[in-house]
Amino acid sequence: MSEDFSNLDVLVIGGGNAALCAAITALESGASVLVLECSPKSLRGGNSRHTRNMRLAHEKQINPYTGAYPADEMWNDYMRCTGGMTDPELAKMTVYESPSILDWARAQGVRFQPALAGTLHLSRTNAWFLGGGKSLMNTLYRRAEALGARVLYDAEAIDLDIKDGRFRSATVRIKGQHTVQIAAKTVVVAAGGLQSDLEFLKGAWGAAADNFQIRGTPFDTGTMIKVLLAAGAESVGDPSQGHMVPCDSRSPKFDGGIVTRLDCVTLGLVVNKAGDRFYDEGEDFWGFRYAIWGRLVAQQQDQICYCFVDSKTINKFMPSRYPAIKGNTIGEVARQLNLPVEKVEATVAEFNRAVQPGKFDHTVLDDCKTAGLTPSKTHWAQRLDTPPFYGYPLSPGLTFTYFAVKVDRRAAVLMKGGQPAENIFAAGEVMAGNILPKGYIGGIGLVIGNIFGRIAGKEAATLAKKSAAVASKEATHAAK
Amino acid sequence: MPQSELIHIGEEMMAVCNSCRYCEGFCAVWPAMEYRRSFAEADLNYLANLCHNCSECYYACQYAPPHEWMINPPQTFAKFRAQTYEQFAWPKPLASAFRANALVVSLLTALMLVVFFFGAMQAAGSRSLSTAVAGGDFYKITPHEVLVLTFGAVGLFVALALGIGLLRFWRNIGEQTSDLTNPPAVMLAIKEALALKYLDQSGWGCAYPDEKSSQSRRWFHHFTFYGFLLCFAATTLGAIYYYGFGWTGPYGYTSLPVVLGTLGGLGLLIGPIGLWSLKTRRNREITDESQQGTDVAFIVLLLLTSITGLLLLVLRETAAMGSLLAIHLGIVMTLFLMLPYGKFVHGLYRSAAILKYALERARKSTLGV
């Protein structure tokens, strides 16, 4: 098998957005490229398969956005979400280069859809893929193959032969059976984050990690991050940090994607396993609070809590994959959820007594709140009084981890001591922690993947051609 | 598959799709889905017939097999459509019998009718089925009255059967009979149906026969549909010439009925061959194999109609004319008889679904939702 891939310029490890952006750019630069995707073809694309849009700055209102989103505004949004904890040089590159992505993507054949009614708040800032992230990936794969990329599916890189910051070959397990050694002049590592490595999560979170759901692909086990760190690369980010949102507890362990998230919290009342409220459900708009709630749920006993709503609000949030547990009384719902019935009834009764009159409006921070209740509910507080009542069990759903490999502005992996590796580049979640070490801003992951994927592909191709030229010169010398 | 099992699969699918909504930029099905929170059988029947089977959603789906939820809208909706075609047909037992062996039933019926027309010609004392007739005048072989009587009777029956089926479907999906003639909605629906808007997808085309989007299916359907329409127009015009002006056929090669019929015949040749060829290359993971029979039967009948019609035109002054006429008439009558029970009804049910979608949009904007 290895002879098929002799004289390879660029080996791309990974098969998501960043990997394919790197592959396409390297191919366009004239390099030969092999892409290793560890999943079967039907599940290709890593977490990009579950994405939907990209946040791209644009100075004027152009198709497909509903308004202008200047790069300075995006920069401010970005700084607010990350609390300024970022590598400013790489972050600036990401934000200020983001406008170039739209035309680049269209040139690859990527289809965008017009702004839709239900998503107005993101239609100004984000470009939406027609059909979502899997459709994006289908297009990028088709483009890469048209340019001559070879793609191996079920091909998992499990080790890298690296000496003194120089990559020589990768050990690749094919279809979970035999392994092959694949050499290349340069390598782009774009193999995703660590969030599907349950052992790693346990190390960072303890036993609580057993009750996490992994919202994305089961293939992101972070093998390449670990291999690079073992080979002397510098790390970035806190291993115990991850982006988490509340998801339905009935979801599968992996790959539940978008449909398991629950958006009912701001409209309802949330109790833990003991039947107690523990946090202000109406603190702020859900868009600003869902990540905090993922973490809050993770801190409760058995990493589970329960959201109650009534008939007034059941249809006021996005539907989700699993039907609500329904009952004619709060107690009936609590019993089906295996909660202490009397305790939950008492919590709800106390809450109902504390609700003050107000004018309910879910589109603003309204004046519906509780008085004399701890913790209080500061907006959208309405009595749970209109049967039937509904309940959802909530678990933490992990979207991605922040722990990553440090890179420089050429996307070259930085070794301990600050020296860049000679021919090792990284893109996507493998290095996103440089730019997003905490917090989250919707649609930024694909932007990081695109910008650094393209840089890595370009750098790797240029270097491969240079080293090929040197090698041929040496060969000519030797012949003389 | 038992109906209850299919309904369960449909409900589960909608629970995922309506929570995801990534496909809402593709076709009418997804915005129509978003008008709803729960999905009863009638909703699924409606959405299934609104689906044009373009398959874009399947290739874009993060939950498609091998994901454990096995979301497969093209196949699931195809199964619902097959069920509606049978469930609302009149008389239903005819539809059930036909669906079981569509191609065999079609060919046997055609054979019987061809024999019948041969017999009718003999009985009418036509001079001969084996000698050329001057000017290709087929009324010398089959009296005009025989054609009018037999095709008139079949036409009335077919119109009745199609009408009853359509009304049953319309009521099932929760609409009033009077809304079938709501002028603005009907205009919009006609526009969308005639342009095959939902196979066009703003110019991208559809993922048929494979993942790569293309306009080929839309164009071959246009050839087929407009070919059929031109043939129908040619026949109608012939009748107007005959009854309105007393001009008896056959008409010259450059006359309007013959030109329309020839163009239509060519459309009915190119279109079905193209659709058939695309169909054979279709991804089998998303088709409902149980409909293979009725699909193929319809394509075969359309092709036989155009081939025999065009041959009849070319050879109408030779000795083969008599036999060709009997064969062509037998096939055309079979095609008409099979309309209410085969693939043809998709046009009616889908148009009705598009009309309902037009009505729903109008109601939403009136409500200001």
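Cut-offs applied
- Residues numbered from 1 in each chain as written.
- Chains lettered and ligands numbered in written order.
- Predicted model: local features only at pLDDT ≥ 70, side-chain atom pairs only at ≥ 80, totals over all residues.
- Contact = placed C-beta atoms within 7 Å.
- Helix = DSSP H or I, 4+ residues; strand = E, 2+ residues; numbered from the N terminus.
- Nonpolar A, V, L, I, M, F, W, Y, C, P; charged D, E, K, R; others polar.
- Axes fitted to C-alpha atoms, helices over the stretch in contact; angles between N-to-C directions.
- Parallel < 35°, antiparallel > 145°, perpendicular 65-115°, else oblique.
- Left-handed = near helix turned anticlockwise from the far one by under 90°.
- Pairing = 2+ DSSP bridges.
- Buried ≥ 20, exposed ≤ 12 C-beta atoms within 10 Å, placed from the backbone.
- Core = buried A, V, L, I, M, F, W, Y, C linked by C-beta atoms within 7 Å.
- Domains from an automatic or database assignment.
- Expected span 1.5 Å × (residues − 1).

A. Summary view of the interface of chain B and chain A. The interface is formed by 22 residues belonging to chain B together with 25 residues belonging to chain A. Mapped onto the side of chain B that touches chain A, the elements with two or more residues apiece are helix H1 (3-20) and helix H4 (56-60) of chain B. Class assignment for the residues of the side of chain B that touches chain A results in 11 nonpolar, five polar and six charged.

B. Summary view of the packing of helix H2 (residues 71-82) of chain A against helix H3 (residues 88-97) of chain A. All names here are of chain A. Where H2 meets H3, the closest approach of the two axes is 9 Å, and the angle between their N-to-C directions is 135°. Comparing the axis directions of H2 and H3 gives the class oblique. As H2 packs across H3, the resulting crossing turns out to be right-handed. Residues Ala71, Met74, Trp75 and Tyr78 of H2 touch H3, and the partners they reach there are Ala91, Val95 and Tyr96. Of the residues in the contact of H2 with H3, the class split is seven nonpolar, no polar and no charged.

C. Looking closely at the sheet that holds strand S1 (residues 10-13) of chain A. Residues and elements named next belong to chain A. Here we have six strands laid out as an open sheet, ordered S5-S2-S1-S9-S19-S18, and mixed in their pairing. A single partner strand is all that each edge strand has here, and the edge strands are strand S5 (150-152) and strand S18 (412-414). The sheet shows a mean angle of 35° between the axes of neighbouring strands, taken without regard to direction. Note: S18 against strand S19 (residues 420-426), two bridges, orientation antiparallel. Counted as the bridge partner of alanine 412 is phenylalanine 425 from S19.

D. Summary view of the packing of helix H7 (residues 102-123) of chain B against helix H13 (residues 292-314) of chain B. All names here are of chain B. Following both chains from N to C, one finds H7 and H13 inclined at 30°, their axes separated by 7 Å at the closest point. Accordingly, the angle class assigned to the pair H7 and H13 is roughly parallel. Together, Ala102, Leu103 and Ser106 of H7 and Gly293, Thr294, Val296, Ala297, Val300 and Leu301 of H13 make up the contact between the two elements.

E. The arrangement of the pairing of strand S13 (residues 269-272) of chain A in detail. Residue and element names in this part refer to chain A. The two faces of S13 match: Leu269 and Val271 on one face and Val270 and Asn272 on the other face are all buried. For S13 and strand S14 (residues 305-310), the ladder comprises four bridges, and the chain directions are antiparallel. If you follow valine 271 over to S14, its bridge partner there is tyrosine 306.

F. Up close: the pairing of S14 of chain A. Residue and element names in this part refer to chain A. Among the six residues of S14, six are classified as buried, and the element is accordingly described as predominantly covered. What you see with S14 is no split at all: Cys305, Cys307 and Val309 on one side and Tyr306, Phe308 and Asp310 on the other are buried throughout. The sheet contact formed by S14 and strand S16 (residues 389-401) spans six bridges and is antiparallel. Across the sheet, residue cysteine 305 finds its bridge partner in S16, namely leucine 394.

G. Quick peek at the nonpolar core. Residues and elements named next belong to chain A. By size, the foremost hydrophobic cluster in this structure holds 142 residues, and its most contacted members are Val12, Ile13, Ala23, Val188, Ala190, Ala426 and Ala427. In terms of residues, this core owes the most to one element, helix H12 (residues 445-479), which gives 11 residues. A domain-level breakdown of this core finds at least three residues from each of domain 1 (2-239 + 402-474) and domain 2 (243-397). Not counting residues within four places of it along the chain, the set of residues in contact with alanine 190 comprises Val12, Ile13, Gly14, Gly16, Ala18, Ala19, Ala22, Ala426, Ala427, Gly428, Val430 and Gly453.

H. Examining the sheet that holds strand S8 (residues 179-183) of chain A more closely. Residue and element names in this part refer to chain A. Taken in spatial order, the three strands make up an open sheet running S6-S7-S8, and their pairing is antiparallel. Pairing within the sheet leaves two strands with one partner each, and these edge strands are strand S6 (155-163) and S8. Adjacent strand axes in the sheet meet at a mean angle of 25° when their direction is disregarded. Pairing of S6 with strand S7 (residues 166-174), which is carried by eight bridges, proceeds in the antiparallel orientation. Bridge pairing links aspartate 159 to threonine 171 in S7.

I. Structural detail: the environment of asparagine 63 of chain A. Residues and elements named next belong to chain A. Along the chain, asparagine 63 falls in the loop between strand S3 (53-55) and H2. Assessed through the 10 C-beta atoms surrounding it within 10 Å, asparagine 63 is described here as exposed. Distance in space between the C-alpha atoms of asparagine 63 and valine 405 is 36 Å, their sequence separation being 342 residues.

J. Spatial organisation of helix H8 (residues 144-172) of chain B. The end-to-end C-alpha distance of H8 of chain B is 41 Å, a good match for the 42 Å that 29 residues give at a rise of 1.5 Å each. Of the residues flanking the end of H8 of chain B, it is glycine 174 of chain B, one or two places downstream, whose phi is positive at about 90°.

K. Quick look at unusual backbone geometry. Cis geometry is adopted by the peptide bond preceding proline 375 of chain A, which originates at threonine 374 of chain A and carries an omega value of -10°. Tracing the backbone through its elements, the reader meets proline 375 of chain A in the loop between helix H11 (341-354) and S16. Note that the residue after tryptophan 90 of chain B, namely proline 91 of chain B, is joined by a cis bond; omega there is -10°. Relative to the elements of secondary structure, proline 91 of chain B occurs in the loop between helix H5 (73-87) and helix H6 (92-100). Even without being glycine, aspartate 302 of chain A reaches a positive phi, approximately 60°. Mapping aspartate 302 of chain A onto the fold places it in the loop between helix H9 (286-299) and S14. Of note, the phi angle at tryptophan 380 of chain A is positive, near 55°, even though the residue is not glycine. In this fold, tryptophan 380 of chain A is placed in the loop between H11 and S16. Taking the number of C-beta atoms within 10 Å as the measure of exposure, tryptophan 380 of chain A has 25 and is therefore buried.

L. Structural view of the domain arrangement of chain B. All names here are of chain B. Its domain assignment divides chain B into domain 1 (3-86) and domain 2 (90-361). Taken over C-alpha atoms, the centre of domain 1 sits 29 Å from the centre of domain 2. Contact residues are listed per partner, giving 26 residues for domain 1 and 30 residues for domain 2. Sorting the residues of the side of domain 1 that touches domain 2 by element identifies helix H3 (41-50), H4 and H5 as the ones contributing at least two each. Considering only residue class, the side of domain 1 that touches domain 2 consists of 15 nonpolar, seven polar and four charged.

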